[in-house]
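# Residue-level structural notes
Here's the letter readout for the chains.
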Amino acid sequence: MSNPSSSSAHGFTVADFDFHLPEDLIAQHPAAERSASRLLDGRRTAPVDRIFRDLPGLLEPGDLLVFNDTQVVKARIFGEKASGGKLELLIERVLLPHEATDGSGNEVVGHLRVSKKPLPGGRLHLAGGLKGGGFDAVFIGRWPDEQGQLFRLRLEGPAGEDPYALMERHGHVPLPPYITHGDTEDDARRYQTVFARVPGAVAAPTAALHFDEGVLAALEARGVQRANVTLHVGAGTFAPMKTERIADHVMHRERYVIPPATVQAMADCKARGGRVVAVGTTTVRTLESWARSGELQGDTDIFITPGYQFQVVDRLITNFHLPKSTLMMLVSAFAGYDHIMALYRHAVAQRYRFFSYGDAMLLERSTQIQ
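All values reported here derive from a predicted model rather than from experimental measurement.

## Here we look at the overall build of the protein
Of the regular secondary structure elements, the protein holds eight helices and 17 strands. For 370 residues, the compact-globule estimate of 2.2 N^0.38 gives 21 Å, and the protein sits close to it at 21 Å. When its C-alpha atoms are laid out on the principal axes, the protein stretches across 65 × 45 × 45 Å. Evaluated residue by residue, the protein yields a buried proportion of 55% over its 370 residues. Within the structure as shown, the protein displays about 15700 Å² of accessible surface, and the carbon and sulfur contribution to it stands at 51%. If you average the places of the 40 positive and of the 43 negative side-chain charges in the protein, the two averages end up 1 Å apart.

## Regarding the sheet that holds strand β5 (residues 76–81)
Pairing is antiparallel in the closed barrel, where six strands are placed in the order β5-β6-β7-β10-β9-β8. Mean inter-strand twist for the sheet, computed between neighbouring axes without regard to direction, equals 45°. Two strands pair when backbone bridges link them, and strand β8 (residues 123–126) and strand β9 (residues 135–143) are joined in this way by four bridges, in the antiparallel orientation. Bridged to arginine 123 within β9 is valine 138.

## What about empty space enclosed by the protein?
Under the definition given, this model contains three cavities of 30 Å³ or more. What the largest cavity holds in volume is close to 90 Å³. Lining the largest cavity are Pro30, Ala31, Glu33, Arg34, Ser37, Arg190, Leu209, His210, Arg353, Ser356, Tyr357 and Gly358. Every residue lining the second largest cavity is listed: Val233, Thr237, Met251, His252, Glu254, Thr281, Thr282, Arg285, Thr326 and Leu327. Elements with a contribution of two residues or more to the lining of the second largest cavity: α6 (281–293) and α7 (326–335). Considering every element that reaches the lining of the second largest cavity, the biggest residue donor is α6, with three residues.

## Brief notes about the sheet that holds strand β14 (residues 276–279)
If you walk across this open sheet you meet the nine strands as β2-β1-β17-β16-β14-β3-β12-β13-β15, and the pairing is mixed. At either end of the open sheet lies a strand with only one pairing partner, and these are β2 (48–51) and β15 (297–300). Strand-to-strand twist across the sheet, computed as the mean angle between neighbouring axes with direction ignored, equals 25°. With four bridges joining them, strand β1 (residues 38–42) and β2 adopt antiparallel strand pairing. Within β2, the residue paired with arginine 38 across the bridge is isoleucine 51.

## What to know about unusual backbone geometry
Cis geometry is adopted by the peptide bond preceding proline 144, which originates at tryptophan 143 and carries an omega value of 5°. We note that lysine 324 has phi near 60°; this positive angle belongs to a residue other than glycine. Even without a glycine there, the phi angle at phenylalanine 355 is positive, about 75°. Note that phenylalanine 355 resides in the loop between α8 (337–349) and β17 (360–364). Taking relative accessible area as the criterion, phenylalanine 355 reaches 5% and is therefore assigned buried.

Basis of the calculations
Residues numbered from 1 in each chain as written. Predicted model: local features only at pLDDT ≥ 70, side-chain atom pairs only at ≥ 80, totals over all residues. Heavy atoms only, no water. Helix = DSSP H or I, 4+ residues; strand = E, 2+ residues; numbered from the N terminus. Rg over C-alpha atoms; globule rule 2.2 N^0.38 Å. Buried < 20%, exposed > 50% of the residue type's maximum accessible area, 1.4 Å probe, protein only. Areas by Shrake-Rupley, 256 points an atom, 1.4 Å probe, with all protein chains shown as cover. Lys, Arg positive; Asp, Glu negative; His and termini not counted. Charge placed at Lys NZ, Arg CZ, Asp CG, Glu CD. Pairing = 2+ DSSP bridges. Axes fitted to C-alpha atoms, helices over the stretch in contact; angles between N-to-C directions. 1 Å grid on protein atoms, 1.4 Å probe; cavity = no way out; pocket = protein on both sides within 12 Å on 5 of 7 lines; lining within 4 Å. Points joined across faces, edges and corners; volume = space filled by probe spheres on them.

Shown next as structure tokens:
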């Protein structure tokens, strides 16, 4: 898929999406209970402060919640080169057999933090290497081409262990860069949704972290329907924009799948007058990519900025995003730039907790704001 910037972004620059955020509002740990986090109700002009477990009462019977059921993998792995130099590998995706150079399911692409990049054919010893109870990786080259920012490697572990098994046994939870502590057992549990099903993400679909079994049961009792998509969130979601002109930014690519049952559920929802409620920006990007291309699976680098005409999503549940990020542009496109900036000022003043482990907000598509 091409990189379809939604529009000219109506003259906005990256600086327009900046805001002051006190460092102590960046959540370092999740709320004690998932649904005890705060929910900023931004459906109307005046913001309303709520608790996330209030959500079922804010939706109507017949509405459809669409979740991203991706599962975060322990994609951060430490090791060393054959020369002894220390390295850190963040596996961005496991290549499908038809994408691999040797047709295997053992090739991955990722980010490599090391003093000097190895040459093709170079061997890396991860988690102690094969001789030390871990596994090795052979460096193949850059990906997706010679100028690519990611690196392609072939993993060589004990017989029968594929890349997912190796990551689960030897990897670390890839916490975002603004979380300053190392991963713990609590992170392994809480930086994961309760309905995570398909392994492949290196970042959580964070808006969905607030849902627990109690909220899900209340939504079902309310008559709110559920459906799933899968988008494997990449590390690019945290990458800062390095251009001042929005049109110059190149979006990262992420793999998605939409089940036919979800397409039917959305059609049924619209037919009965219900609203499609996306849980998280990853779900928005998945559904709007499908609306543009008609493809139920593939890679997307859709870039949603102010001026975009949404075709599927009526409401959005989302966390608070980084200043000057592509996600700030997406939510501004969805709910209106002035409205979003006002909500963020309110959130800072009321000391909401920000980013992945932070609080949530509920937004209405801008044409419906009263």
